[in-house]
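Coordinates in review
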Amino acid sequence: MTVSGKGYYLWKILNCEGGNVESIARLAQEAQLSHLLLKIADGVNPYNYDRNVDLLPPLVQTLRKKGIQAWGWHYVYGDNPLSEARIAIQRIEDLGLDGYVIDAEEQYKQPGKDTAAKRFMRELRVSLPDFPIALSSYRYPSYHPQLPWSQFLEKCDINMPQVYWMFANNPGAQLNRCVREFKGMSPARPIIPTGAAFSEHGWTPQPNEITEFLRTAQELNLTAVNFWEWSTARSIPTVWKAIKDFEWPLPCPEKDITEKYIDALNSSSPEAVTALYTPAAVHITYSRTVQGPEAIKAWYQNLFTQLLPQAKYTLTGFTGTGNSRHLTWTATSPNGTVENGNDTFGLIEAKIAYHYTFFTISPI
C-alpha cells in the first residue's frame, strides 16, 4: 500500500465536524486529501466509541467511497504489549483499514521497553505479515536515544516522524534535519513526515510555514505528508486553507481487485475474468467446486450466455485488505436481477486463488 499526497490525523471523531462522516469526507475531498489517519485504540482499549457505538465503520466506508484511504493510529504504552498488539489486530481486521500507525512516545523511553517493542511487533507481524505498518514518533532520534527505534522500524514499512516546529519558523530546516538523521539510521524506512497544524501554549504555525513544510517535503522527494490534527486545524482557518490550497499531484490509484472483477464481469468476456485468477484457483458455488482456468472460464461462459446475458454488474461494497476481500454486488439482465451478490476472495500476489460466490436470480 503506497501513500501519496496530503493527509490528516483525526483524534476524536465527535470533535471533527460534529462527528458527521459525510461532512468529514466532503471536506477531505475538497482539500484534495489522499488519506486520513483515525485513532482506533489507546493502549489495550478500542477508541472512538460513543455510548458503546463504534464511530469508525461509517467513516471508513464513506472515505472509501470517495477514494480516500483510511489508516488507523494507536497510542501505545508498552506495559502490556501483547494485548496492545491484539487490540490493534482486531481493530484493523474489523474495520478493513488501509494501514496502521504506531504512536510510541514518552512511555517507550523507559528502561526495558526494547523488549516490549520486540514482543509487540512480533505479535503484529504474525497476524499481519504483509499489512502496511508505520511508526509515528519524535522528529530527531538523536534527542531520544532511549526509544527502541530499531525494534520498531525493522518490522515497519514506513517512518512517520512528528516534525513540529513549535516556537520556531524554520520547518524546512527541521524537516531536512529529520530526514538526514533517519536516513543515517539502520534500518532506514521511507519517510512520511507529520507537520504542525495546531495551536499550543500561545504558538500557532503561520501559513507561509505550512507552505514551506510542504514544499520541502516535495523537494526531498517524499511521497506524502501528514498533519496533526483535523479538529485543531479546522479551528485555524489560515492553516486549514494553506494545506487545502497546496497542490500535491496524485498518481492515478490502482483499482482494487474487487473493482477489477466487476469491470471484467461488465466486459462479458470469460477470458478477461479468468485472467484475474491464479492458475490453480478454486471457484466455489452452492452447487459445485471447480479448479483451474478452463473450468472457471467455462463457468463464466455459461454465466454470460445463459444465466445473465447482457448483464450490468454494480459493486455495492467491499471490505478487507491484504490477501482477503469480501464484496457485495447487484446485477440486472433481460433474464432477471441479482440483489444479493455476495463473494469472498482469497488472494495470492493480487490474484484470486480462492473464490466463493453466492447469488440468486429473481425473474423480472
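Before going into details, it helps to say that this report is about the structure given with it. Just so we're clear, the structure is a prediction, and the values are computed from it rather than from any experiment. (Residues numbered from 1 in each chain as written. Predicted model: local features only at pLDDT ≥ 70, side-chain atom pairs only at ≥ 80, totals over all residues. Heavy atoms only, no water.)

So, the pattern of salt bridges
Within this structure, the stated rule accounts for 16 salt bridges. The partner of Lys244 in a salt bridge is Asp245, with the nearest N and O atoms 3.9 Å apart. Of the residues examined, Lys244 reaches a relative accessible area of 29% and is grouped as partly exposed. Ionic contacts of the salt-bridge type, sharing partners, join the residues Lys241, Lys244 and Asp245 into one network. (Salt bridge = Lys/Arg side-chain N within 4 Å of Asp/Glu carboxyl O. Buried < 20%, exposed > 50% of the residue type's maximum accessible area, 1.4 Å probe, protein only.)

Quick look at the side chain of Arg325
One can find Arg325 in strand β15 (residues 324–333). Arg325 sits in the buried class, given a relative accessible area of 12%. From its side chain, Arg325 meets the backbone oxygen of Gly322 in a polar contact 3.0 Å long. Excluding its chain neighbours within four sequence positions, the residues that come into contact with Arg325 are Asp256, Ile257, Thr258, Phe318, Thr319, Gly320, Asp343, Thr344, Phe345 and Leu347. (Helix = DSSP H or I, 4+ residues; strand = E, 2+ residues; numbered from the N terminus. Polar contact = N/O pair within 3.5 Å; in protein donor to acceptor, adjacent residues only side chain to side chain. Contact = heavy atoms within 4.5 Å.)

Details of the pairing of strand β6 (residues 69–76)
Taken residue by residue, a regular strand's side chains alternate between the two faces of the sheet. The buried fraction of β6 amounts to 8 of the 8 residues, a majority that puts the element mostly inside the structure. Covered by surrounding structure in β6 are Gln69, Trp71, Trp73 and Tyr75 together with Ala70, Gly72, His74 and Val76, the residues of both alternating faces. In the sheet, strand β2 (residues 33–42) pairs with β6 via 7 bridges, with the strands oriented parallel. Looking at the pairing, Lys39 lines up with Trp73 of β6. Note: β6 against strand β7 (residues 99–104), 6 bridges, orientation parallel. Its bridge partner lying in β7, Gly72 is registered against Tyr100. Running through helix α3 (residues 81–95), the crossover from β6 to the neighbouring parallel element β7 is right-handed. (Pairing = 2+ DSSP bridges. Right-handed = clockwise from strand over helix to strand, strands pointing away.)

Focus: the packing of aromatic side chains
Here the structure, examined in full by the defined rule, presents 26 aromatic pairs. Ring geometry for Tyr261 against Tyr300: centres 6.4 Å apart, planes inclined by 70°, an arrangement best described as edge-to-face. Separated by 39 residues along the polypeptide, Tyr261 in helix α10 (residues 257–267) and Tyr300 in helix α12 (residues 293–307) bring together distant segments of the chain. Considered together, Tyr261 and Tyr300 belong to a single accessibility category, that of buried residues. By relative accessible area, Tyr261 is classed as buried at 2%. Site record: aromatic cluster; members linked through ring pairs are Tyr8, Tyr164, Trp165, Phe167, Phe198, Trp203, Phe213, Phe227, Trp230 and Trp240. Its end group placed over the ring of Tyr108, Lys113 keeps NZ or CZ at 5.5 Å from the ring centre. (Phe/Tyr/Trp six-rings, centres within 6.5 Å; stacked < 30°, edge-to-face > 60°. Lys NZ or Arg CZ within 6 Å of the ring centre and 35° of its normal.)

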